[in-house]
Amino acid sequence: MSIEVNNESGVQVDEAELVALSRYIFEQLYIHPQAELSILLVDEPAMEKLHIELMDEPGSTDVLSVPMDELTPGTPDRPTPQGMLGDIAICPQVATVQAKNAGHPLQDEMLLLTTHGILHLLGYDHAEPEEKAEMFGLQRELLSGFTGKEAPAETTQ
């Protein structure tokens, strides 16, 4: 399992916990142990640049996901094939504001955004109410299972 975290944001984040969470999600969703994931932590100007390049939308955002091999969750009998899951970009500065507004610690927000980003890489979306219910329900389940406590309130749109 190759999970890399590259922190270019200038904000101190528990990177080891982001890797541990990612591994937990891989195990829970039967992602091949050799799947590759990259987590990039960037500041607001870098995130705004990515947001414009990838989504053609101005302004910074909290998390962006860039799928590579279009992997989907596996099953105990058929794990996801080996491949590149993709890249997640997270902006800790935006996450700090969201965490403060939601009343939980920054690290909880970082875990939430990492989970959210991985689910997007696996094909989950929240454009429609049914999709949102499924994705956010799984997000809460994974976070609660990893942390052993109630998942933080969703801050992502």
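Structure report, in brief. (Residues numbered from 1 in each chain as written. Predicted model: local features only at pLDDT ≥ 70, side-chain atom pairs only at ≥ 80, totals over all residues. Heavy atoms only, no water.)

1. Points about the sheet that holds strand β1 (residues 2–7)
Inclusion rule: The pairing criterion is simple: DSSP has to find at least two bridges between the two strands. Secondary structure elements are taken from DSSP: a helix is a run of H or I of four residues or more, a strand is a run of E of two residues or more, and numbering for both begins at the N terminus. To get an axis, a line is fitted to the C-alpha atoms, and for a helix only the part in contact is used. The angle between two axes follows their N-to-C directions and goes from 0 to 180 degrees. Only heavy atoms matter for contacts: two residues are in contact if any of them lie within 4.5 Å across the pair.
Reading across the sheet, the 4 strands line up as β1-β2-β4-β3 and stay open at both edges, with mixed pairing between neighbours. Because the sheet does not close on itself, it has two edges, and the strands there are β1 and β3 (63–67). Between one strand and the next, the sheet's axes are offset by a mean angle of 15°, whatever the strand orientation. Where β1 lies against strand β2 (residues 36–41), 6 bridges are found, and the strand directions are parallel. Of the residues in β2, the one forming a bridge with Ser2 is Glu36. On top of the sheet, helix α1 (residues 15–28) reaches β1, β2 and β4 (84–90); it is set at about 150° to β1, its chief contact.

2. Section: the packing of helix α3 (residues 92–102) against helix α4 (residues 106–121)
To keep things clear, this is the line we draw: By definition in this entry, angles of less than 35 degrees are roughly parallel, angles greater than 145 are roughly antiparallel, angles of 65 to 115 are roughly perpendicular, and the rest are oblique. In this scheme, a crossing is called left-handed if the near helix is turned counterclockwise away from the far one by less than a right angle; it is called right-handed if the turn is clockwise.
Axis separation between α3 and α4 bottoms out at 9 Å; the angle between their running directions is 115°. Classified by the interaxial angle, the pair formed by α3 and α4 is roughly perpendicular. Like other packed secondary-structure pairs, α3 and α4 cross with a definite hand, here right-handed. Where α3 abuts α4, its residues Pro92, Ala95, Thr96, Gln98 and Ala99 lie against Leu106, Glu109, Met110 and Leu113.

3. Things to note about unusual backbone geometry
Phi is positive for Tyr30, which is not a glycine, with a value near 55°. With respect to the helices and strands, the residue Tyr30 is situated in the loop between α1 and β2. Despite not being glycine, Glu70 shows a phi value in the positive range, around 50°.

4. A few points about a negative patch on the surface
What counts here: Patch construction takes residues with relative accessible area above 30% that form no salt bridge. Like charges are linked within 9 Å, and nonpolar side chains (Val, Leu, Ile, Met, Phe, Trp, Tyr) are linked within 5 Å. In these tables, accessible area is a Shrake-Rupley quantity obtained with a 1.4 Å probe, and a residue counts as shielded only by the protein chains included in the view. One side-chain nitrogen of Lys or Arg within 4 Å of one carboxyl oxygen of Asp or Glu is enough to make a salt bridge. Charge counting treats Lys and Arg as positive and Asp and Glu as negative, with His and both chain ends excluded. Charge positions are represented by NZ for Lys, CZ for Arg, CG for Asp and CD for Glu.
On the surface, a cluster of negative charge is contributed by Asp125, Glu128, Glu130, Glu131 and Glu134. Within the secondary structure, Glu130 is located in helix α5 (residues 129–147).

5. A few points about α4
Under the convention used in this document: Residue count minus one, scaled by 1.5 Å, sets the expected span of a helix. Throughout, exposure labels follow a simple rule: accessible area from a 1.4 Å probe, protein chains only, divided by the maximum for the residue type, with under 20% read as buried, over 50% as exposed, and the rest as partly exposed.
A rise of 1.5 Å per residue sets the reference length of α4, with its 16 residues, at 22 Å; its end C-alpha atoms lie 22 Å apart and thus fit the reference within 8%. Extensive coverage of α4 is indicated by the burial of 14 of its 16 residues. One or two steps after α4, the chain reaches Gly123, where phi turns positive at roughly 100°.

6. Some remarks on empty space enclosed by the protein
We count it as follows: As defined here, a cavity is a set of points on a 1 Å grid over the protein atoms alone where a 1.4 Å probe fits but cannot get out. A pocket is an open set with protein on both sides within 12 Å along at least five of seven lines, and residues line them when an atom is within 4 Å of a point. Grid points are joined across faces, edges and corners, and a volume is the space filled by probe spheres set on the points. Polarity classes work like this: nonpolar for Ala, Val, Leu, Ile, Met, Phe, Trp, Tyr, Cys and Pro, charged for Asp, Glu, Lys and Arg, and polar for all others, with Gly in that last group.
One pass over the structure, following the stated rule, counts 1 cavity of 30 Å³ or more. A volume near 30 Å³ is recorded for the largest cavity. Along the walls of the largest cavity sit Asp108, Leu111, Leu143, Thr147, Ala151 and Pro152, which together make up its complete lining. Counting only elements with at least two residues in the lining of the largest cavity, the list comes to α4 and α5. Grouping the constituent residues of the lining of the largest cavity by class yields 4 nonpolar, 1 polar and 1 charged.

7. Re the nonpolar core
Note the following rule: Here the nonpolar core consists of buried residues drawn from Ala, Val, Leu, Ile, Met, Phe, Trp, Tyr and Cys, with membership extended through side-chain atoms lying within 4.5 Å.
Of all hydrophobic cores here, the largest spans 37 residues; its most connected members are Leu29, Leu37, Leu41, Leu85 and Ile90. Breaking this core down by element, the ones donating at least two residues are β1, α1, β2, β4, α4 and α5. At 7 residues, α4 tops the list of elements feeding residues into this core. Setting aside residues no more than four positions away along its own chain, Ile90 makes contact with Ile39, Leu40, Leu41, Val42, Met47, Asp62, Val63, Met110, Leu113 and Thr114. Among the nonpolar cores identified, the runner-up in size contains 6 residues, and Val42, Met47, Leu64 and Cys91 belong to it.

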